[in-house]
Amino acid sequence: GPLVTASILAIKEADMTDEDIKIIAVEKNPNAFITLNDKKKMEKDCPLWSKVEILNADMRDVAASFKGQVDIIVSELLGSF
């Protein structure tokens, strides 16, 4: 949640519209995945949270299969290898 929230705050600070962005949150921890989905539901009035796609996966697997352009990647590495 904190990194997604920080990303949304940065988008607001940059004065971007919600048409300009797509946020993909990749969360390996199943409990954190549930927490992120709950946070998205609680923030339903925030149009930027509606642009968040939450994946329950390992970043290494997602990165290998991702097709498309990425402008910014924000990652929290905790040594979960």
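This text goes with the structure placed above it.
Just so you know, these numbers come straight off a predicted model, no measurement behind them. (Residues numbered from 1 in each chain as written. Predicted model: local features only at pLDDT ≥ 70, side-chain atom pairs only at ≥ 80, totals over all residues. Heavy atoms only, no water.)

Q: How should I be thinking about the pairing of strand S2 (residues 52–56) in this particular structure?
A: Two faces, one strand: in a regular strand the side chains alternate between the faces of the sheet. Here five bridges tie strand S1 (residues 23–27) to S2, and the two strands are oriented parallel to one another. Among the inter-strand pairings, Ala-25 is bridged to a residue of S2, identified as Ile-54. Handedness of the crossover is the feature at issue here: the chain leaves S1, passes through helix H2 (residues 30–42), returns alongside S2, and the resulting connection is right-handed. (Pairing = 2+ DSSP bridges. Helix = DSSP H or I, 4+ residues; strand = E, 2+ residues; numbered from the N terminus. Right-handed = clockwise from strand over helix to strand, strands pointing away.)

Q: Would you take a moment to explain the nonpolar core for this structure?
A: General note: in soluble globular proteins, nonpolar side chains tend to be found buried as a group. By size, the foremost hydrophobic cluster in this structure holds 12 residues: Val-4, Ile-8, Ile-11, Ile-21, Ile-23, Ala-25, Leu-36, Cys-46, Leu-48, Trp-49, Val-52 and Ile-54. Tallying contributions element by element places helix H1 (residues 2–13) first for this core, with three residues. When sequence neighbours within four positions are dropped, the list of residues in contact with Ile-11 reads Met-16, Ile-21, Ile-23 and Leu-48. (Core = buried A, V, L, I, M, F, W, Y, C linked by side-chain atoms within 4.5 Å. Buried < 20%, exposed > 50% of the residue type's maximum accessible area, 1.4 Å probe, protein only. Contact = heavy atoms within 4.5 Å.)

Q: What exactly am I supposed to notice about H2 here?
A: Residues separated by three or four positions in an α-helix point in the same direction, a consequence of the helix having 3.6 residues per turn. Its 13 residues place the ends of H2 19 Å apart at the C-alpha level, agreeing with the 18 Å of an ideal helix rising 1.5 Å per residue. Among the residues of H2, the N-terminal cap falls to Asn-29, whose side-chain oxygen and the backbone nitrogen of Asn-31 are separated by 2.7 Å. (Expected span 1.5 Å × (residues − 1). Polar contact = N/O pair within 3.5 Å; in protein donor to acceptor, adjacent residues only side chain to side chain.)

Q: I would appreciate a short explanation of the environment of Lys-39 in the present structure.
A: Considering the arrangement of structural elements, one finds Lys-39 in helix H2. Accessibility expressed as a relative area gives 24% for Lys-39, which makes it partly exposed. Not counting chain neighbours up to four residues away, the residues in contact with Lys-39 comprise Thr-5 and Trp-49.

Q: Can you help me understand unusual backbone geometry in this one?
A: Most peptide bonds take the trans configuration, and most residues that are not glycine carry a negative phi. At Asp-15, a residue that is not glycine, the phi angle is positive and equals roughly 60°. Note that Asp-15 resides in the loop between H1 and S1. Classification of Asp-15 by relative accessible area gives exposed; the value is 69%.

Q: Can you help me understand the pattern of salt bridges in this one?
A: Should the charged atoms of two oppositely charged side chains come close, the side chains can pair. What the rule picks out here adds up to four salt bridges. Linking Lys-39 and Glu-43 is a salt bridge whose minimum nitrogen-to-oxygen distance equals 3.1 Å. The partner of Arg-60 in a salt bridge is Asp-58, with the nearest N and O atoms 2.6 Å apart. Given a relative accessible area of 48%, Arg-60 falls into the partly exposed group. (Salt bridge = Lys/Arg side-chain N within 4 Å of Asp/Glu carboxyl O.)

Q: Even after reading the chapter, I still don't get the side chain of Asp-58, so can you show me in this structure?
A: Note on placement: Asp-58 falls in the loop between S2 and helix H3 (59–65). Once residues lying within four places of it in the same chain are set aside, the contact partners of Asp-58 are Val-26 and Lys-28.

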